[in-house]
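Spelled out, the chains give:
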Amino acid sequence: MKRKKIQLILLVFTITSLVLLVGLQISWILKSSRMQEAQFNHTVILAMNRIVENLSQNQAICSEMNNCLRAGKSHSCFLLMKNRMEWVYLDTLIKNDLKYYNINLDYEFDIVEKGAEVSLISDADTYKNDNLEKVLEQAGYELRLRFPEKSEFIKAQIGYIFISSIALLLLVSGSFILIYKFYKRERKLIENIIDFINNMTHEFKTPLTNIALANGIISKNEIVEKDEKLASYTKVIKNEHLRLKEKVDVLLKTVLTENGNPLNTELFDAAFEIRNVVDTFSVRINEKQGSFVVNSSGNNFTLSGNIEMFQVAIGNVIDNAIRYNDNTPRIIIDLKSAKDTIVITITDNGKGMSKESISRIFEKFYRIPTGDIHDNEGFGLGLYFVKNTVTQMNGNIKVTSKIDKGTTFTIEFPVSEG
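On a predicted model such as this, the values are computed, not experimentally measured, just so you know. (Residues numbered from 1 in each chain as written. Predicted model: local features only at pLDDT ≥ 70, side-chain atom pairs only at ≥ 80, totals over all residues. Heavy atoms only, no water.)

S.K.: Would you mind showing me how to read the overall build of the protein chain here?
M.R.: Helices and strands together make up the secondary structure of the protein chain, namely 13 helices and ten strands. For the protein chain, the proportion of its 418 residues judged to be buried stands at 37%. Long-range pairs, those at least 24 residues apart, make up 71% of the contacts in the protein chain with a sequence separation of at least 6. Counting every atom, the protein chain has about 25,900 Å² of accessible surface; 56% of that belongs to carbon and sulfur. (Helix = DSSP H or I, 4+ residues; strand = E, 2+ residues; numbered from the N terminus. Buried < 20%, exposed > 50% of the residue type's maximum accessible area, 1.4 Å probe, protein only. Contact = heavy atoms within 4.5 Å. Areas by Shrake-Rupley, 256 points an atom, 1.4 Å probe, with all protein chains shown as cover.)

Following this line, the structure appears as structure tokens:
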């Protein structure tokens, strides 16, 4: 349930981030549009000042405009001069000055009295310049310019930015949707695998029990006891039964730690349980003429957790220390109890591990490579199970190792009050 809650929070966070990103992008585009328009307006003002300055140097046009305005028949020079050569020349002058500032839009212009309502270019987007006093030798007139395609021009200026932004947003959103779909598919597959392993291991439990029971009865038969060959066969069956049972137990317990169901927890003495685990490995280590050394310092070794899982986790570490050891195994277990923590250190004199293997040993199904020699037993779940168990008990685990020098596992748990 905790994992699902975290996943839901991450999903909501991601969707919220995408929505905010869209909002920020739209805000940025609008701001860019305003900046483009402000820059365009500034450029037009500079161009109009240049037009007025160049206009003052042409006396013929100035004289015609004076005559036009003094005639008093109209407030607009365009209506009286639009067919004259002077007006065409003025049009060319304006066009050249606009091009000087890289303004290549279609435009409309007129020279009128201030405040006059001229239908030609009277809308709000008109640019005005009233510096005509020296040009016309009288005040009260202004040059007006309007660009009918100004809005399209501004949109074109930011169009590529807008299109690129939308494309990137769609790409990110599409990627998120695909990743989420793949995640749900993978999650469903993992759940199916867990269910399969769970069912499989439970199905194996009964035949394994029957095999053990039948082999126990056979091995006690007088004929079998007297026949060394038959006795060796029953011993093989017993050993292989124990090995298979161990693997099934590991699979089953790994599933239990992953399925999200709460495990039974209780207070227990870690030192006492570790000594019990050590006792179960006494036969195996004696077969290799090895030894255990268990040291403890402190008074309180109380932990809170699932005892069986704790035993299996410690057993997995010890099992590896015995199994992957070409020397005479010597395993040292140190328990230290401080005020708030319990530290368990398990050191062996085995093969050791490389730095790459140390970084991956807690991964699910990972097994240390041994070249072309396939002597690695198990499913690669033992240390993965150890890590999960330690994490569920609010503990931490770390590993140090050197090739041919051995390995040390250091596990730290918070002390639980009884």
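S.K.: What is the right way to read the nonpolar core from this model?
M.R.: Across soluble globular proteins, nonpolar side chains have a tendency to be buried as a group. Core analysis: the largest hydrophobic core is formed by 43 residues, its most contacted members being Phe310, Ile318, Ile331, Ile333 and Ile344. Among the elements of the structure, α9 (270-280), α11 (307-323), β7 (330-337), β8 (341-347), α13 (382-392), β9 (396-402) and β10 (406-414) are those that each provide at least two residues to this core. Considering every element that reaches this core, the biggest residue donor is α11, with ten residues. Filtering out sequence-adjacent residues up to four positions away, Ile331 remains in contact with Ile285, Ser291, Phe292, Val293, Ile318, Ala321, Ile322, Ile346, Thr347 and Asp348. Of all hydrophobic cores here, the second largest spans 28 residues; its members include Met48, Ile61, Cys77 and Leu90. (Core = buried A, V, L, I, M, F, W, Y, C linked by side-chain atoms within 4.5 Å.)

S.K.: What's the story with the sheet that holds strand β2 (residues 127-129) in this structure? I'm lost.
M.R.: By definition, the strands of a sheet pair up through backbone hydrogen bonds, in either a parallel or an antiparallel sense. A sheet is described by the order of its strands in space; here three strands give the open sequence β1-β3-β2, paired in antiparallel fashion. Edge strands, defined here as strands with exactly one partner in the open sheet, are β1 (108-113) and β2. On average, each strand axis in the sheet is inclined to that of its neighbour by 25 degrees, with strand direction left out of account. Relative to the sheet, helix α4 (residues 85-100) contacts β1 and β3 (141-146), its axis offset from that of β1 by approximately 115 degrees. (Pairing = 2+ DSSP bridges. Axes fitted to C-alpha atoms, helices over the stretch in contact; angles between N-to-C directions.)

S.K.: Would you take a moment to explain the sheet that holds β10 for this structure?
M.R.: The strand order β5-β7-β8-β10-β9 describes an open sheet built from five strands, whose pairing is mixed. Bordering the open sheet on either side are β5 (291-297) and β9, each of which pairs with just one other strand. Recorded for the sheet is a direction-independent mean angle of 10 degrees between the axes of neighbouring strands. The pairing of β9 with β10 spans seven bridges and is classified as antiparallel. Each bridged residue has a counterpart across the sheet, and for Asn396 the counterpart in β10 is Glu412. Of the strands in this sheet, β5, β7 and β8 are in contact with α9, which crosses β7 at around 170 degrees. Contacting β5, β7, β8 and β10, α11 crosses the sheet at an angle of about 145 degrees to β7.

S.K.: Just to check I follow, could you spell out the packing of aromatic side chains for this structure?
M.R.: Aromatic ring pairs are described here by two measures, namely the spacing of the ring centres and the angle between the planes. Summed over all chains, the structure comprises eight aromatic pairs. Considering the side-chain rings of Phe40 and Tyr127, the 6.3 Å spacing of their centres and the 65 degrees angle between planes classify their relative orientation as edge-to-face. Separated by 87 residues along the polypeptide, Phe40 in helix α1 (residues 2-55) and Tyr127 in strand β2 bring together distant segments of the chain. Relative accessible area serves as the criterion here: at 10%, Tyr127 is assigned to the buried category. Taken together, a centroid distance of 5.0 Å and an interplanar angle of 80 degrees make the contact between Tyr100 and Tyr101 edge-to-face. Residue classification places Tyr100 among the exposed residues on the basis of a relative accessible area of 51%. (Phe/Tyr/Trp six-rings, centres within 6.5 Å; stacked < 30°, edge-to-face > 60°.)

S.K.: How should the pattern of salt bridges be read in this particular structure?
M.R.: Pairs may arise between side chains of opposite charge once their charged atoms sit close together. Counting across every chain of the model gives six salt bridges. Notably, a salt bridge pairs Arg146 with Glu108, separated by 2.7 Å at the nearest N-O pair. With Arg146 in strand β3 and Glu108 in strand β1, this pair connects stretches of sequence that are 38 residues apart. Overall, the relative accessible area of 16% leaves Arg146 in the buried class. On the basis of relative accessibility, which here comes to 23%, the residue Glu108 falls in the partly exposed class. Residues joined by salt bridges that share partners form a network here, namely Arg284, Asp319 and Arg323. (Salt bridge = Lys/Arg side-chain N within 4 Å of Asp/Glu carboxyl O.)

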